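Coordinate analysis (summary)
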Amino acid sequence: MTNTQDTIKDDFEFTVKRIYFDEDYVPSSSTRTTTNFANLARGARRQENLRNTLTMINNRFNSLANWDNPDQDRYQVELEIVSVDLDMHDNRATFPAIEVLKTHILDHKTGKRIEGIVGNNFSSYVRDYDFSVLLLEHNKGKTDFSIPDDFGSLHGTIFKRFVSSETYKKHFAKPPVICLSVSHNKTYQRTGNHHPILGYEYQVNEASLTESYFKKMGLQVRYFMPRHSVAPLTFYFFGDLLTEYTNLELISTISTMETFQKIYRPEIYNANSVAGSCFKPSLKNPDHSLTKIEYDREERSQLAIEQGKFTEEHFIKPYKNVLEQWSANYAH
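What you are looking at is a predicted structure, and each value in this text was computed from that prediction instead of being measured.

1. A few points about the nonpolar core
What tends to happen in soluble globular proteins is that the nonpolar side chains get buried as a cluster. Counting residues in each nonpolar core, the largest one holds 46 residues, and the members touching the most others are Phe21, Leu40, Phe61, Phe235, Leu241 and Phe279. Where this core is concerned, the elements lending two or more residues are α3 (46–64), β2 (75–88), β3 (93–107), β5 (177–180), β8 (220–225), β9 (233–237), α8 (247–264) and α9 (266–269). Residue contributions to this core peak at 8 residues, all from α8. Leaving out residues up to four positions away in the same chain, phenylalanine 279 has contacts with Val182, Lys186, Thr187, Tyr188, Tyr202, Ala231, Pro232 and Ile268.

This is the structure in structure tokens:
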């Protein structure tokens with residue numbers, strides 16, 4: 001007799017595709033246009049945007065990895081875009097489930113190419129659906145904001161299933177670390193804990209909706225402000241962030257994601273003053289500098305809704321029953 005639970009689990013597999021993020025990068029048709037790296041690779045100045053972004057990443061890396069690096073040019077960061085498709089065997093269908101970045105570090109002094117961290121940026125069509133379609137529909141016409149009971153459950157299952165899969169283990173040696181902006185409507189307090197690379201740790205007054213969402217993905221969260229940063233970053237991870245990754249691995253994530261945040265959240269991460277012991281991020285902070293890299297933040301918000309509706313039409317509705325059963329079985 002066939003075990004239904006096992007059959008459902010085995011009917012979903014993951015396929016990993018990798019492409020380099022460099023000045024010649026062109027987004028694939030399945031890449032979310034709002035994701036950081038894809039948004040930069042658009043328009044007349046696309047190549048200039050990409051070149052300037054990579055220069056910022058490398059400069060920041062060398063400023064943090066400053067030992068035995070007198071000219072601040074020893075290291076170069078290489079980035080791979082990792083696209084993860086969810087393959088549904090019974091339906092012979094594939095959906096772009098997750099996109100993350102993988103860092104590599106070139107040491108020009110030794111000639112070695114060093115593995116970095118996978119994760120960093122995090123892109124997901126299902127998250128677009130949850131936040132830009134499901135959550136809006138749930139609260140339409142209501143005076144008090146609330147969250148659906150199963151909000152983020154399917155997305156969390158997909159992510160945890162991928163990280164525990166043989167496909168993940170085949171491609172990556174360590175668990176992922178995702179690095180995002182702090183929430184602009186929370187308050188952060190600096191603690192006395194200081195890490196030589198991650199910097200001063202901060203604690204938040206209450207969890208944000210994003211943090212609760214990432215918790216369903218099985219991820220813990222901590223906040224650190226590295227040396228010469230002006231605001232803390234949010235780190236999502238499994239295990240022990242402070243002991244399971246090398247200094248260069250951590251620096252590769254900091255340099256990459258702080259660069260993206262300076263571009264997309266200049267009011268917070270390119271501010272002209274440094275976060276104090278009590279920090280309240282604001283996207284209305286006028287005292288900040290802009291990078292030379294162009295993007296359209298309003299367009300990103302509009303596209304997120306379009307991408308959420310695309311997910312609803314091509315993934316959520318057609319496979320609703322099997323996805324709910326798969327998610328429920330995995331949770332048990």
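2. As for the sheet that holds strand β6 (residues 188–195)
Spatial ordering of the open sheet is given by β1-β2-β3-β4-β5-β9-β8-β7-β6-β10, a layout of 10 strands whose pairing is mixed. Because the sheet does not close on itself, it has two edges, and the strands there are β1 (12–21) and β10 (278–279). Judged from the 2 bridges that link them, β6 and β10 form a sheet pairing that is antiparallel. For tyrosine 188, the partnering residue across the bridge sits in β10 and is phenylalanine 279. Contacting β3, β4 (112–123) and β5, helix α4 (residues 125–139) crosses the sheet at an angle of about 115 degrees to β3. Set on the sheet, α8 makes contact with β1, β2, β3, β4, β5, β6 and β9; between it and β4 the angle comes to about 45 degrees.

3. Remarks on the pattern of salt bridges
Evaluated as defined, the whole model comprises 13 salt bridges. Residue arginine 113 pairs with glutamate 78 through a salt bridge whose shortest N-O separation is 3.0 Å. Placement of arginine 113 in strand β4 and of glutamate 78 in strand β2 is noted, with a sequence separation of 35 residues between them. You can call arginine 113 partly exposed: its relative accessible area is 41%. With a shortest N-O distance of 4.0 Å, glutamate 258 and lysine 262 are connected by a salt bridge. Of the two residues, glutamate 258 and lysine 262 both sit in helix α8, 4 residues apart, roughly one turn of that helix. With relative accessibility at 3%, the residue glutamate 258 sits in the buried group. When its relative accessible area of 22% is taken as the criterion, lysine 262 is described as partly exposed. Each member of the salt-bridge network shares a partner with another, and the members are Arg60, Glu258 and Lys262.

Quick notes on the rules
Residues numbered from 1 in each chain as written. Predicted model: local features only at pLDDT ≥ 70, side-chain atom pairs only at ≥ 80, totals over all residues. Heavy atoms only, no water. Core = buried A, V, L, I, M, F, W, Y, C linked by side-chain atoms within 4.5 Å. Buried < 20%, exposed > 50% of the residue type's maximum accessible area, 1.4 Å probe, protein only. Helix = DSSP H or I, 4+ residues; strand = E, 2+ residues; numbered from the N terminus. Contact = heavy atoms within 4.5 Å. Pairing = 2+ DSSP bridges. Axes fitted to C-alpha atoms, helices over the stretch in contact; angles between N-to-C directions. Salt bridge = Lys/Arg side-chain N within 4 Å of Asp/Glu carboxyl O.

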